[in-house]
Amino acid sequence: MAKKASSSTRKTKPPPAESGAFLWTRKDLVGLDELSAEEIVHILDTAETFKEVSTRSIKKVPALRGKVVALMFFEDSTRTRMSFELAASRLSADVLLFTSRGSSVTKGETTIDTVRNVEAMGVDIFVIRHGQSGAPHMLARKVAASIINAGDGQHEHPTQALLDVFTIRQRLGRLAGLKIAVVGDIAHSRVARSNIIGLRKLGAEVVVVGPPTLVPSAIRAMGCEISHSLDDILPQVDVINMLRVQFERFSSNLFPSVREYSRLYGMNADRLASCRKDVLIMHPGPINRGMELTSEVADGPNSCILQQVTNGLAVRMAVLYLVSRGRT
Amino acid sequence: MAKKASSSTRKTKPPPAESGAFLWTRKDLVGLDELSAEEIVHILDTAETFKEVSTRSIKKVPALRGKVVALMFFEDSTRTRMSFELAASRLSADVLLFTSRGSSVTKGETTIDTVRNVEAMGVDIFVIRHGQSGAPHMLARKVAASIINAGDGQHEHPTQALLDVFTIRQRLGRLAGLKIAVVGDIAHSRVARSNIIGLRKLGAEVVVVGPPTLVPSAIRAMGCEISHSLDDILPQVDVINMLRVQFERFSSNLFPSVREYSRLYGMNADRLASCRKDVLIMHPGPINRGMELTSEVADGPNSCILQQVTNGLAVRMAVLYLVSRGRT
Amino acid sequence: MAKKASSSTRKTKPPPAESGAFLWTRKDLVGLDELSAEEIVHILDTAETFKEVSTRSIKKVPALRGKVVALMFFEDSTRTRMSFELAASRLSADVLLFTSRGSSVTKGETTIDTVRNVEAMGVDIFVIRHGQSGAPHMLARKVAASIINAGDGQHEHPTQALLDVFTIRQRLGRLAGLKIAVVGDIAHSRVARSNIIGLRKLGAEVVVVGPPTLVPSAIRAMGCEISHSLDDILPQVDVINMLRVQFERFSSNLFPSVREYSRLYGMNADRLASCRKDVLIMHPGPINRGMELTSEVADGPNSCILQQVTNGLAVRMAVLYLVSRGRT
């Protein structure tokens, strides 16, 4: 695999996607918005080959040996951090962890100075989570190292969307022509945004579902349908991606009560009964049992929530690998 | 060593302990309560072989290369975490660290969901510290990965007891027939509980010593003697294991004053003089100098406190190694 | 390189510095005060050879494979910690991180007990940052492991000074005969102290510059000139090292207002115009843009701030390597 990619990274323009012959030339992954359908498919295909590594007894390849991956989490995250950390370890990279607690950030240093400073230590790839939308894009323009967006404000969370798309493709065999519901707080969700972008590019239909206060009508411009009734769309969809509810938002008046939300937009056995038999239930985690979905649904045969997590590792290995080749 | 163990993990029931021929079949180490005397001895013998690794110039073996050990500390710990981290590194495992600060735990996710989620990333062994007694046992039943209990509530802390037992055997040559005092807050101590269980299984006598408020009489059911006078038992015992005093408990009325506690239950030079000459003084650390013991005792020739720490590494390497074989 | 150093560590007294033939015999680096000029030069020369490693595609050497480096940060630090962590990784050491948050430190354990305890786990080298001046020196006397001072109170920060000196030598070709200004809060700065000591030993002139409240006249005893006017000394100096302003000190009455400080002691384009053309502008970071220096100066051709960071890695690799040889 290393050889195939190496021979393909020198050219400049991606040709139309062909199995294996595609070229990756980007040093960064800041969002799905920037990517062509071919590039997205290429990441998924690369992840496929890395999935095999995770099934080996010794789950390591030397692809990034001697490279340094810095995880810069200006916002807290447990699972995304662990997933990237493990992905980097499996590629034999050295990993540096930076979290904003008790760090120079609180000493008034700018984000770009912090990142440039760490880059000067010899970092090859930055994985950035940041509260400000667009921070990874700004950094990608200003530093020579690779930048991977691990979530920026309410903007994008590309690797989450890639692992979602990967999982759908794995379970249902394709994306084109499928109808996917994204349910919850669409207005504030970078997971929703990146999903909509990725799914549309790969030819899937998307319907976003939630209370009017949380589903801005401007979202239609992204090429998706809007519904305020989960029950209405259940029989039509192949996949239901339940967004995590941020409890802290219930204090605002955008949100109905916890009980009301769960009654209107929570997945349960009854609702599952009115879905297609092989409907796929997804959730980016961590789940609030009894809120976005009942345990019956979360742990049932239609759920692929843990598979999403497993696939996240392969997708992040692929992204780390590709951006590192994109720099040379 | 690897070969020996590998050939022995397939069978199902442990035969009586014989040097080297014993079989380890468990995927977990949740407590000493579950183990036979033979299994405990097998861990100690395995630790003996790992002790040698730590004396080499390059202190590493490839036993867990490509495996992932996740340290999940739902409760804070510095030294236990560092000891397991180093033990895993010496076995060439990749280590993931999870602490409950700023993590999804605070977002209302259940422990089992958190652990299952991390397991889905491809973790082979979990080292769990948790405030709830029994949490590791519940997890061991529900996940396929190995679970090692690094302290659960007021229940068990098996690797601490194993390293204590290992140290006694190393210094005094045997366990059977020895008399060991465990001194302090017996009621709330998982270190005390695991020690009592382990020592009794290996044929040692145990006397627990402390103020009546901190030594429940029900503890007698574990096969140990009770004393409320340290002075009374000093001449009879081979080992004195001083439990750490939790200062926060002094605010409760279970505890005498700091001064009173130290006067009645602290080890000092005078008390040492009435002990057997080769009495062993132990403490799980961190010590409160002048409280559980004076500096004269802590740093004197009878103390094996730092040896306990050193042995902890070998014991944890052994446990990590054995549970990883127990899964295959 | 390994061979050269190995053959030179057995003898006991350092001969006068000769290229390559110098002997390093110390197990610790606690301050520049203890070092001879020859020893400082030897560290710089060793760092030179490690700088090359960082330019390789696989930035790793096996020099410390199987050794354990424990980073003990009793005080917070992001960049110094990351720099040492990466330096240790590049030498293939295993790294253990200890920070004082939520650790046994808060449980009343003494620093020496904490360090001895971690040492008992098999640590070879400690990197210590501590709020108390002299803590690393005390530890160096009491433990067998190597101690590297990563900043102690208001006393020394030797690796920062070494990387500063390394950078000056790299950019200007020598130290002897140069005139270097250290600007800011001299009274409370360990960076200033270590710089003055190192620069004086290598034959450079030092002028310290700052408001009278922050420049104690006793500093003259360290062999440096004192000035209270930055403008006065600008035309005379080869290097200007701007100390970081600690905002929290502005509440004290030692400090002028933020605006006043910046007006009197901040570097800007106007001031740069009255300097020698090739004057070197340094800063230990993190910088407060618009305070110690304007962005024009910080990002201009005279600035070597990021180079300092890059060199810090090579210097720390050298120090880790040398103290590890000094022990054998």
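Fair warning: this is a prediction, and the values are worked out from it, not measured in the lab. (Residues numbered from 1 in each chain as written. Chains lettered and ligands numbered in written order. Predicted model: local features only at pLDDT ≥ 70, side-chain atom pairs only at ≥ 80, totals over all residues.)

1. Examining the overall build of chain A
And step 1. Scanning chain A from terminus to terminus reveals 12 helices and 9 strands.
And step 2. Looking at chain A as a whole, 53% of its 328 residues qualify as buried.
And step 3. Taking as baseline every contact in chain A between residues at least 6 positions apart, the subset at least 24 positions apart corresponds to 72%. (Helix = DSSP H or I, 4+ residues; strand = E, 2+ residues; numbered from the N terminus. Buried ≥ 20, exposed ≤ 12 C-beta atoms within 10 Å, placed from the backbone. Contact = placed C-beta atoms within 7 Å.)

2. A short note on the relation of the copies chain A and chain C
And step 1. Between chain A and chain C, which share one sequence, the superposing operator has a rotation angle of 120° and an axial displacement of 0.0 Å; the RMSD is 0.0 Å. The superposition of one copy onto the other is thereby described by a three-fold rotation axis. (Least-squares fit on C-alpha atoms with pLDDT ≥ 70 in both.)

3. Let's talk about helix 7 (residues 190-201) of chain C
All names here are of chain C.
And step 1. Given a rise of 1.5 Å per residue, 12 residues ought to cover 16 Å, and the 17 Å separating the end C-alpha atoms of helix 7 matches this to within 8%.
And step 2. In terms of residue burial, helix 7 counts as a mostly covered element, since 11 of its 12 residues are buried.
And step 3. Listed as buried for helix 7 are Arg-190, Val-191, Ala-192, Arg-193, Ser-194, Asn-195, Ile-196, Ile-197, Gly-198, Leu-199 and Lys-201.
And step 4. The elements touched by buried residues of helix 7 are helix 2 (37-53), strand 4 (146-152), helix 6 (158-172), strand 5 (179-183), strand 6 (205-209) and strand 8 (239-242).
And step 5. After helix 7 finishes, the residue Gly-203 shows a positive phi value of roughly 90°. (Expected span 1.5 Å × (residues − 1).)

4. Observations concerning the interface of chain A and chain C
And step 1. Contact residues are listed per partner, giving 20 residues for chain A and 23 residues for chain C.
And step 2. Of all the secondary structure elements, the ones that give two or more residues to the side of chain A that touches chain C are strand 2 (94-99) and helix 4 (111-119) of chain A.
And step 3. Per-element tally for the side of chain A that touches chain C: the top contributor is helix 4 of chain A, with 4 residues.
And step 4. Here the side of chain A that touches chain C is built from residues that sort into 6 nonpolar, 8 polar and 6 charged. (Nonpolar A, V, L, I, M, F, W, Y, C, P; charged D, E, K, R; others polar.)

5. Thoughts on the domain arrangement of chain A
Residue and element names in this part refer to chain A.
And step 1. Domain boundaries in chain A define domain 1 (2-156 + 312-327) and domain 2 (158-308).
And step 2. The partner domain 2 presents 18 residues to the 22 residues of domain 1 that form the contact.
And step 3. Among the elements of the structure, helix 2 (37-53), strand 4 (146-152) and helix 12 (305-327) are those that each provide at least two residues to the side of domain 1 that touches domain 2.
And step 4. Here the element with the most residues in the side of domain 1 that touches domain 2 is helix 2; it accounts for 5 residues. (Domains from an automatic or database assignment.)

6. Description of the environment of A:Arg325
And step 1. With respect to the element layout, A:Arg325 can be found in helix 12.
And step 2. For the pair A:Arg325 and A:Ser257, spaced 68 residues apart in sequence, the C-alpha separation works out to 48 Å.

7. Describing the interface of chain B and chain C
And step 1. In this complex, chain B contributes 23 residues to the contact, which on the side of chain C involves 20 residues.
And step 2. Of all the elements in the fold, those that place two or more residues in the side of chain B that touches chain C are helix 3 (79-90) and helix 12 (305-327) of chain B.
And step 3. Across the side of chain B that touches chain C, the residue classes break down as 9 nonpolar, 8 polar and 6 charged.

8. A closer look at the sheet that holds strand 3 (residues 125-130) of chain C
And step 1. If you trace the 4 strands from one edge of the open sheet to the other, you get 2-1-3-4 (chain C), paired in parallel fashion. In the strand order of this sheet, the two ends are held by strand 2 (94-99) and strand 4 of chain C, each with one partner. Averaged over neighbouring strand pairs, the angle between their axes works out to 15° when direction is ignored.
And step 2. Sheet analysis places strand 3 of chain C next to strand 4 of chain C, joined by 5 bridges and oriented parallel. Bridged to C:Val127 within strand 4 of chain C is C:Ile148.
And step 3. Set on the sheet, helix 3 of chain B makes contact with strand 1 (68-73) and strand 2 of chain C; between it and strand 2 of chain C the angle comes to about 170°.
And step 4. Across the sheet, helix 3 (residues 79-90) of chain C is in contact with strand 1, strand 2, strand 3 and strand 4 of chain C; its angle to strand 1 of chain C comes to roughly 175°. (Pairing = 2+ DSSP bridges. Axes fitted to C-alpha atoms, helices over the stretch in contact; angles between N-to-C directions.)

9. Considering the sheet that holds strand 7 (residues 225-227) of chain C
Note on sheets: strands pair through backbone hydrogen bonds, and any given pair is parallel or antiparallel.
All names here are of chain C.
And step 1. Taken together, 5 strands build an open sheet; the order of strands is 7-6-5-8-9 and the sheet is parallel. The open sheet is flanked by strand 7 and strand 9 (280-282), the only strands paired with a single partner. Averaged over all adjacent pairs, the angle separating strand axes in this sheet is 20°, with direction ignored.
And step 2. The pairing of strand 8 with strand 9 spans 3 bridges and is classified as parallel. Residue Ile-240 lies in a different strand from strand 9, and its bridge partner there is Ile-281.
And step 3. Where helix 6 meets the sheet, its contacts fall on strand 8 and strand 9, and the angle it forms with strand 9 comes to roughly 160°.

10. Brief notes about the environment of A:Asn117
And step 1. Mapped onto the elements of the fold, A:Asn117 is located in helix 4.
And step 2. Sequence-distant contacts of A:Asn117, that is, excluding residues within four places in its chain, are made with C:Arg79, C:Gly285 and C:Val309.

11. Some words on the packing of helix 6 (residues 158-172) of chain A against helix 7 (residues 190-201) of chain A
Residue and element names in this part refer to chain A.
And step 1. Between helix 6 and helix 7, the least distance of the axes is 8 Å, while the angle of their chain directions is 50°. Put simply, helix 6 runs oblique to helix 7. When the axes of helix 6 and helix 7 are compared, the crossing they make is right-handed. Two secondary-structure elements touch here, helix 6 through Pro-158, Gln-160, Ala-161, Leu-162, Asp-164 and Val-165 and helix 7 through Val-191, Ser-194, Asn-195, Gly-198 and Leu-199.
And step 2. Considering only residue class, the contact of helix 6 with helix 7 consists of 6 nonpolar, 4 polar and 1 charged. (Parallel < 35°, antiparallel > 145°, perpendicular 65-115°, else oblique. Left-handed = near helix turned anticlockwise from the far one by under 90°.)

12. Quick look at unusual backbone geometry
And step 1. The omega torsion of the bond from B:Gly285 to B:Pro286 falls at -10°, within 30 degrees of zero and hence cis.
And step 2. Within the chain, A:Ser92 stands out as a residue other than glycine whose phi angle is a positive 70°.
And step 3. Counting through the fold element by element, A:Ser92 comes out in the loop between helix 3 (79-90) and strand 2.

13. Looking at the nonpolar core
And step 1. A:Phe126, A:Leu320, B:Phe126, B:Leu320, C:Phe126 and C:Leu320 are the most contacted members of the largest nonpolar core, which has 315 residues in total.
And step 2. Sequence-distant contacts of C:Leu320, that is, excluding residues within four places in its chain, are made with C:Leu64, C:Val69, C:Ala87, C:Ala88, C:Leu91 and C:Ile125. (Core = buried A, V, L, I, M, F, W, Y, C linked by C-beta atoms within 7 Å.)

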